[in-house]
Amino acid sequence: MKKNMLSIKNGVKMLKKAGTLAVVTALVAGLAGCGASGAADGKSTGSADAGGLTPVRVGIDAQQLSYVQIVAKEKGYFAENGIDVTLVNYAVGIDTINAIVLGEIDIGAAYDYAAATRLAAQTNLRLTSAYVVNGEDTLWFETSDPDVKTAADLKGKRIALTKGTMQEYIWAKELEMGGLTENDVELEYFSSGGEVVTAYVSGQADAVQGEKNFETEYEIRFTQDDYDHIQDISNWCADNGITDQVEIKDFMNIDAVKEFVPDKVTYSDK
């Protein structure tokens with residue numbers, strides 16, 4: 001299958017931040033004191049163990065953005081700071097937030113879109129920080145049709161994506177750039193990134209979206225730009241009938257990131 005890879009980064013400012021994750025926990029945020037918060041009811045998941053470590057269950061997904069947690073655990077960084085971390089794997093980021101609601105984990109990271117939609121639906125969730133990959137990211141869509149040169153050429157094409165993830169937002173913006181709407185294409189939804197790739201390779205879809213990153217630097221922070229970005233996504237979701245209109249600041253607790261990396265926090269609710 002001959003592939004035609006086209007950049008979709010230029011021209012859409014919001015897409016430049018698609019490497020942004022939101023770290024989410026339950027109503028009682030225990031990060032500042034290195035304690036675990038209860039996922040569904042705010043109760044502690046357990047006291048410190050015999051070694052003096054506080055157990056915390058962290059949800060990660062099958063993306064490069066989970067590498068930091070995996071490496072940190074293997075290097076013993078969590079233990080050095082009094083935390084006994086259990087990493088729980090999920091297919092996509094939105095599953096980690098759902099797992100918090102179900103009480104399976106205490107903290108999870110998901111892309112901005114997933115976080116914004118779940119914060120709007122679950123009042124017991126709190127946004128605790130942004131988790132960003134700094135680097136030369138290039139968002140792209142790939143198609144097997146050599147006649148597709150721009151987004152406008154996607155009309156009538158089958159697009160593979162995972163529902164409830166940032167791919168919905170990115171594709172909506174990309175189609176908008178090409179003067180199209182979702183009614184002009186066939187959206188084929190799958191439950192994981194692996195299924196999306198399989199569908200494309202096997203010919204069940206004509207186009208997919210992804211990103212490449214050659215050099216990465218991971219950063220925990222919460223800037224005014226991070227907040228504005230997530231609020232913009234929330235507004236877009238409300239405008240399109242996906243969620244109710246909410247103010248993201250009403251679903252935040254960034255005390256931990258303020259305490260540990262105050263120089264990385266520029267957000268102000270004033």
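In this text, all values refer to a predicted model and were calculated from it rather than measured experimentally. (Residues numbered from 1 in each chain as written. Predicted model: local features only at pLDDT ≥ 70, side-chain atom pairs only at ≥ 80, totals over all residues. Heavy atoms only, no water.)

## Some thoughts on the overall build of the protein chain
On a plain count of helices and strands, the protein chain comes out with eight helices and nine strands. The buried share among the 270 residues of the protein chain stands at 50%. In the protein chain, the proportion of contacts linking residues at least 24 apart, taken out of those at least 6 apart, comes to 76%. As displayed, the protein chain offers around 12,800 Å² of accessible surface, 49% of which is attributable to carbon and sulfur atoms. (Helix = DSSP H or I, 4+ residues; strand = E, 2+ residues; numbered from the N terminus. Buried < 20%, exposed > 50% of the residue type's maximum accessible area, 1.4 Å probe, protein only. Contact = heavy atoms within 4.5 Å. Areas by Shrake-Rupley, 256 points an atom, 1.4 Å probe, with all protein chains shown as cover.)

## Quick look at helix α5 (residues 166–177)
Since the α-helix turns once every 3.6 residues, residues separated by three or four places project in the same direction. Taking 1.5 Å of rise per residue, the twelve residues of α5 would be expected to cover 16 Å, and the 17 Å separating its terminal C-alpha atoms lies within 8% of that figure. Of all twelve residues that make up α5, ten are buried, and the element is covered over most of its length. Within α5, the full set of buried residues consists of Met166, Gln167, Glu168, Tyr169, Ile170, Trp171, Ala172, Lys173, Glu174 and Leu175. Just beyond α5, the residue with positive phi is Gly179, at close to 75°. (Expected span 1.5 Å × (residues − 1).)

## Considerations on the packing of aromatic side chains
All chains considered together, the criterion is met by five aromatic pairs. Residues Tyr169 and Trp236 carry aromatic rings whose centres are separated by 5.2 Å and whose planes lie at 85° to one another, so their mutual orientation is edge-to-face. Taken as a pair, Tyr169 in helix α5 and Trp236 in helix α7 (residues 224–239) lie far apart in primary sequence, 67 residues in all. Trp236 shares its class with Tyr169; the two are buried. Centroid distance Tyr227 to Tyr267: 4.8 Å. Interplanar angle 45°. Geometry classified as tilted. With Tyr227 in helix α7 and Tyr267 in the segment after α8 (255–260), the pair connects residues that are 40 residues apart, well separated along the chain. The residues Tyr227 and Tyr267 share a single accessibility class, namely buried. (Phe/Tyr/Trp six-rings, centres within 6.5 Å; stacked < 30°, edge-to-face > 60°.)

## A few points about the nonpolar core
Counting residues in hydrophobic clusters, the biggest one holds 39 residues, and the most contacted among them are Val24, Tyr113, Leu127, Phe222, Ile248, Met252 and Ile254. Breaking this core down by element, the ones donating at least two residues are β2 (20–26), α3 (93–102), β5 (107–111), α4 (112–121), β6 (125–143), α5 and α7. The leading source of residues in this core is α4, at six residues. Apart from the residues lying within four places of it in its own chain, the contact partners of Leu127 are Ala22, Val23, Val24, Leu119, Phe222, Ile230, Ile248, Phe251, Met252, Asn253 and Ile254. Core analysis: the second largest hydrophobic core is formed by eleven residues, Phe141, Leu180, Val185 and Leu187 among them. (Core = buried A, V, L, I, M, F, W, Y, C linked by side-chain atoms within 4.5 Å.)

## Description of the pairing of strand β7 (residues 158–162)
Counted residue by residue, β7 has four buried out of five residues, so it is predominantly covered. In this structure, β7 lies alongside strand β8 (residues 186–190), joined through five bridges in parallel fashion. Paired with Thr162 across the two strands is Phe190, which belongs to β8. Crossover handedness for the path β7 to α5 to β8: right-handed. (Pairing = 2+ DSSP bridges. Right-handed = clockwise from strand over helix to strand, strands pointing away.)

These figures capture arrangement, not role.
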